[in-house]
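# Observations on the model geometry
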Amino acid sequence: MQNGKKALIAMSGGVDSSVAACLMKQQGYTCIGVTMKLYDNEEIGVSSEKTCCTLKDVEDARFVAQALDMPYYVLNFKDKFEEEVIQRFVDTYIEGGTPNPCIDCNHRIKFRALMRRMEELGYDYVVTGHYARISYDETSGKYILKKALDSTKDQSYVLYNLTQEQLAHTLFPLGTYEKTEARKIAEANGLLNAHKHDSQDICFVPDGDYGKFIEGYCERTGKEEEGGKFSPFEPGDFVTEDGKVLGHHKGIIHYTIGQRKGLGLSLPQPLYVCRKDLDKNKVVLAPNDRLFQDTLEAGELNFISGEYPRGAFRCCAKIRYKQKEAPATVTPIDEKRVKVVFDEPQRGITPGQAVVFYDGDQVLGGGRILRSKEE
């Protein structure tokens, strides 16, 4: 039975988006399925078997749409994805940071582009398979983004850039389900991808070798950038905080804050990447306790309410996806930046990553980490 509402379903070919589509159909929505074509495998230099944009994924999504009696389309967003996600990913590494392309993709591609297509088609909602929840507060007249009930799958961290307008036209059907329940729903409805493995890596770097990808991308595109006086691709020295040379690195783009493995050094004690000096082309190594900082500065901010804070406020914050949030005080510096001071030092505050603010299970907003206290 139709409920009069129409939903555009973002379908990746995975089980989560397929179950989201199934649930929307069961609730009486008129649905269409859409897969976003974000890149060609040849353009990013990987084989077609290793990424989430394979022909198999498209065919899985198409099969599910047909099984649910939904129209299905593949939309080409390759140019936009390269400009807004891949180039930003490469530039952030070249500048010495560590990007989060999933956040950029959600913010700059998926929700913006799909909202426009939803409006063009005269539909009411964009639906995705994210594990998060949306509610509406009658008192404030604001939409609220919340964590998923399944804490092991909660994806609210990568959604902090959503606006009030986007939340008003977005549905997350899986927000109240556990992953095991989603697979059972898929199985009960005969969906072929009920037991399909979840993708784990960045879609366009499936082997996890970011340095190799960046080198190959820059070679293919003729992109030549420098992060300082030295090229970030140029070999240099691993050094201690007091300047002692420990060995040689293969280019600053190959390392990130907190890294221990893959340094290629034989050391008498465990040392970790604690800083990257682009001007001197040095990677600074230090013991684990030197990775802990209590203060950071963030920019590129978004607050879910749409209202910038007028003064300091208390919240819990986290600086990476899998980390548990910790108590902190957030203080506006100006209209574009905030200072975040944690009650207890946090390990591996990394420029380019996101800091996200929470009040209980409610997402207040977040921003891009610009620097930690010592930088």
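The coordinates are above.
All of these numbers come straight from a predicted model, not from anything done at the bench.

## Let's talk about helix H4 (residues 78-94)
- With 17 residues, H4 ought to run about 24 Å at 1.5 Å a step, and its terminal C-alpha atoms sit 22 Å apart, in line with that.
- Along H4, the helix axis deviates most sharply at Gln 87, where the bend reaches about 30°.
- Those residues of H4 not exposed but buried are Lys 78, Phe 81, Glu 84, Val 85, Ile 86, Arg 88, Phe 89, Val 90, Thr 92, Tyr 93 and Ile 94.
- Trailing H4 by a residue or two, Gly 96 shows a phi angle of about 100°, which is positive.

## Focus: a negative patch on the surface
- Together, Asp 207, Asp 209, Glu 215 and Glu 219 make up a negatively charged patch on the protein surface.
- Among the structural elements, Asp 207 can be located in the loop between helix H7 (179-188) and helix H8 (210-221).
- Judged by its relative accessible area of 48%, Asp 207 falls in the partly exposed class.

## Section: the pairing of strand E14 (residues 326-332)
- Sheet topology places strand E13 (residues 313-318) next to E14; five bridges connect them, and they run antiparallel. The residue bridging Cys 316 from the neighbouring strand is Pro 327, located in E14.
- Taken together, E14 and the strand that follows it, strand E15 (residues 338-347), pair antiparallel across an intervening segment of five residues.

## A word on the packing of aromatic side chains
- What the rule picks out here adds up to 18 aromatic pairs.
- Look at Tyr 39 and Phe 81: their rings are 5.9 Å apart centre to centre, the planes differ by 35°, and that puts the pair in the tilted class. Of this pair, Tyr 39 sits in the loop between strand E2 (30-37) and helix H2 (41-44) while Phe 81 sits in helix H4; the two residues are 42 residues apart in sequence, bridging distant segments of the chain.
- Residue classification places Phe 81 among the buried positions, given a relative accessible area of 1%.
- Relative to Tyr 217, the ring of Phe 213 has its centre 6.0 Å away and its plane inclined at 25°; by these criteria the two rings are stacked. In this pair, Phe 213 and Tyr 217 are both assigned in helix H8, four residues apart and thus about one turn of the helix distant.
- On the basis of relative accessibility, which here comes to 6%, the residue Phe 213 falls in the buried class.
- By way of ring pairs, the aromatic residues Tyr 39, Phe 81, Phe 89, Tyr 93, Phe 204, Tyr 210, Phe 213 and Tyr 217 are connected into one cluster.
- When the ring centre of Tyr 358 is taken as reference, the NZ or CZ atom of Lys 147 above it lies at 5.1 Å.

## Details of H8
- Over its twelve residues, H8 runs 16 Å from end to end, which matches the ideal 16 Å to within 8%, given 1.5 Å per residue.
- Taken together, the buried positions of H8 are Gly 211, Phe 213, Ile 214, Gly 216, Tyr 217 and Cys 218.

## Some thoughts on the sheet that holds strand E3 (residues 72-76)
- Within the open sheet, the five strands sit side by side as E3-E2-E1-E4-E7. Their pairing is parallel. Only two strands of the sheet have a single neighbouring strand rather than two, namely E3 and strand E7 (170-171).
- Of the strand pairs in this sheet, strand E4 (residues 125-127) and E7 are connected by two bridges, and their pairing is parallel. The partner of Val 127 across the bridge, within E7, is Leu 171.

## Brief notes about unusual backbone geometry
- Positive phi values are uncommon outside glycine, yet Asp 69 reaches one of about 60°.
- Along the chain, Asp 69 turns up in the loop between helix H3 (55-67) and E3.
- In this structure, Glu 300 is a non-glycine residue whose phi angle is positive, near 50°.
- Considering the arrangement of structural elements, one finds Glu 300 in strand E12 (residues 292-303).
- For Glu 300, a relative accessible area of 40% translates into the label partly exposed.

Definitions and limits used
- Within every chain, residues take consecutive numbers counted from 1 along the sequence as written.
- Per-residue local features of the predicted model are confined to residues with pLDDT of at least 70, and side-chain atom pairs are confined, for both listing and counting, to 80 or more; whole-chain, interface and lining totals are unaffected and use all residues.
- Computation of side-chain values covers all heavy atoms of the structure but excludes hydrogens and water.
- Runs of E in the DSSP output that reach at least two residues are strands. Runs of H or I that reach at least four are helices, and both are numbered from the N terminus.
- To estimate the expected span of a helix, count its residues, drop one, and scale the result by 1.5 Å.
- Bend is the name given here to the angle between axes fitted to two runs of seven residues, the run ending at a residue and the run starting at it.
- Classification of residues uses two cut-offs on accessible area relative to the type maximum, computed with a 1.4 Å probe and protein chains only: under 20% is buried, over 50% is exposed, and between them is partly exposed.
- Exposure above 30% relative accessible area and no salt bridge define the residues that can form patches, which grow by joining like charges within 9 Å and nonpolar side chains of Val, Leu, Ile, Met, Phe, Trp and Tyr within 5 Å.
- Note on areas: Shrake-Rupley, 1.4 Å probe, and residue coverage restricted to the protein chains presented here.
- We define a salt bridge as a contact between a side-chain nitrogen of Lys or Arg and a carboxyl oxygen of Asp or Glu at a distance within 4 Å.
- Neither His nor the chain termini are counted; the positive set is Lys and Arg, and the negative set is Asp and Glu.
- Positions of charges follow a simple convention, taking NZ of Lys, CZ of Arg, CG of Asp or CD of Glu.
- By this definition, two strands are paired if DSSP reports at least two bridges between them.
- Each Phe, Tyr or Trp ring (for Trp, its six-membered ring) is paired with any other whose centre lies within 6.5 Å, and the angle between the two planes then decides the class: stacked below 30 degrees, edge-to-face above 60, tilted in between.
- When the NZ atom of lysine or the CZ atom of arginine is within 6 Å of a ring's centre and also within 35 degrees of its normal, the charge is said to sit over that ring.

By themselves, these figures tell us nothing about what the structure is for.
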